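Structural features, examined
Each chain is listed here by its residues.
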Amino acid sequence: ELDAEDIPPERVEGLKELAGSKNRELCIHAARLLCSWGDNLGFQVLRDFVFNEPPVDREWVPHRIWGYDDTYRHIAYAVGRYWATHQENGDGDAARAAIVPVYIKLLEYSSVLPFEVPLDFLMRYDFIEFIPTLKSLLVDLLANPTASEGKIEDLARVMMPYERDF
């Protein structure tokens, strides 16, 4: 983890150039790094990617054990770090409002792709905005006999403090 003053400006400019690349994989990798540093362009590139491109297995970031594509989980981490960086700098409310729709879309994608959204982030910072989406996702997963038991357990654990009667 780097502090903003430790990141060379020429590196940021180089990454911004790559974030505009026609090579989507290179573009998304550069945007993830920028976004995790709190950069608005990096966040916007990831937001546009999540909302405008279909959720498919791209094989850009293979899971270290199981081999499935983990690109969207890495995007979720970058988006969460974007909020954390802005929170540290005093403008967390605006960043929180910006990341909520992206995180909701990633949660929806997690029901059709094998990646897992880092739910510990949601728990740690009381992102109650996600409870309706989590509830809907859990209902969908419970109705699916091939659903991942791990995802079901993780969702139930996150929802327990907020939805005890569910």
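Residues numbered from 1 in each chain as written. Predicted model: local features only at pLDDT ≥ 70, side-chain atom pairs only at ≥ 80, totals over all residues. Heavy atoms only, no water.

**Description of the packing of helix 2 (residues 24-36) against helix 3 (residues 40-52)**
- Across the interface, helix 2 lies against helix 3 with an axial gap of 7 Å and an inter-helix angle of 130°. In terms of axis orientation, helix 2 runs oblique to helix 3. When you trace helix 2 past helix 3, the crossing you get is left-handed. Contacts between helix 2 and helix 3 involve Arg24, Cys27, Ile28, Ala31, Arg32, Leu34 and Cys35 on the former and, on the latter, Gly42, Phe43, Val45, Leu46 and Phe49.
- A breakdown of the residues in the contact of helix 2 with helix 3 according to their chemical character gives 9 nonpolar, 1 polar and 2 charged. (Axes fitted to C-alpha atoms, helices over the stretch in contact; angles between N-to-C directions. Helix = DSSP H or I, 4+ residues; strand = E, 2+ residues; numbered from the N terminus. Parallel < 35°, antiparallel > 145°, perpendicular 65-115°, else oblique. Left-handed = near helix turned anticlockwise from the far one by under 90°. Contact = heavy atoms within 4.5 Å. Nonpolar A, V, L, I, M, F, W, Y, C, P; charged D, E, K, R; others polar.)

**Overview of the nonpolar core**
- If you look at the biggest cluster of nonpolar residues, it comprises 49 residues, and the most contacted ones within it are Ile75 and Leu134.
- Looking at this core, the elements with two or more residues in it are helix 1 (9-19), helix 2, helix 3, helix 4 (71-88), helix 5 (92-109), helix 6 (119-124), helix 7 (131-143) and helix 8 (149-159).
- Beyond its immediate chain neighbours, meaning those up to four positions away, leucine 134 contacts Leu107, Leu119, Leu122, Leu155, Val158 and Met159. (Core = buried A, V, L, I, M, F, W, Y, C linked by side-chain atoms within 4.5 Å. Buried < 20%, exposed > 50% of the residue type's maximum accessible area, 1.4 Å probe, protein only.)

**A look at helix 3**
- Under the 1.5 Å per step criterion, the end-to-end length of helix 3 is 18 Å for 13 residues, consistent within 8% with the ideal 18 Å.
- Along helix 3, the positions that sit buried rather than exposed are Gly42, Phe43, Val45, Leu46, Phe49 and Val50. All buried residues of helix 3 project into a common sector of 160° when viewed along the axis, lining one side.
- For helix 3, the elements touching its buried residues are helix 1, helix 2, helix 4 and helix 5.
- Sitting at the amino-terminal end of helix 3 is aspartate 39, which places a side-chain oxygen 2.9 Å from the backbone nitrogen of leucine 41. (Expected span 1.5 Å × (residues − 1). Arc of directions from axis to C-beta. Polar contact = N/O pair within 3.5 Å; in protein donor to acceptor, adjacent residues only side chain to side chain.)

**Points about the packing of aromatic side chains**
- Taken as a whole, this structure holds 7 aromatic pairs when the rule is applied.
- With a centroid separation of 4.8 Å and 65° between ring planes, the pair formed by tryptophan 83 and tyrosine 125 is classed as edge-to-face. In this pair, tryptophan 83 is assigned in helix 4 and tyrosine 125 in the loop between helix 6 and helix 7, connecting sequence segments 42 residues apart.
- Residue tyrosine 125 is classed as partly exposed on the basis of its relative accessible area, which comes to 35%.
- Ring centres 5.3 Å apart and planes at 80° place the aromatic pair tryptophan 83 and phenylalanine 127 in the edge-to-face group. On the criterion of sequence distance, the pair formed by tryptophan 83 in helix 4 and phenylalanine 127 in the loop between helix 6 and helix 7 is long-range, its members being 44 residues apart.
- By relative accessible area, which is 5% here, tryptophan 83 ends up buried.
- On the basis of relative accessible area, phenylalanine 127 is assigned to the buried category, the value being 3%.
- A connected cluster of aromatic rings, assembled from ring pairs, spans Trp83, Tyr103, Tyr125, Phe127 and Phe130.
- Here the basic side chain of arginine 96 rests over the ring of phenylalanine 127, its NZ or CZ set 3.8 Å away from the ring centre. (Phe/Tyr/Trp six-rings, centres within 6.5 Å; stacked < 30°, edge-to-face > 60°. Lys NZ or Arg CZ within 6 Å of the ring centre and 35° of its normal.)

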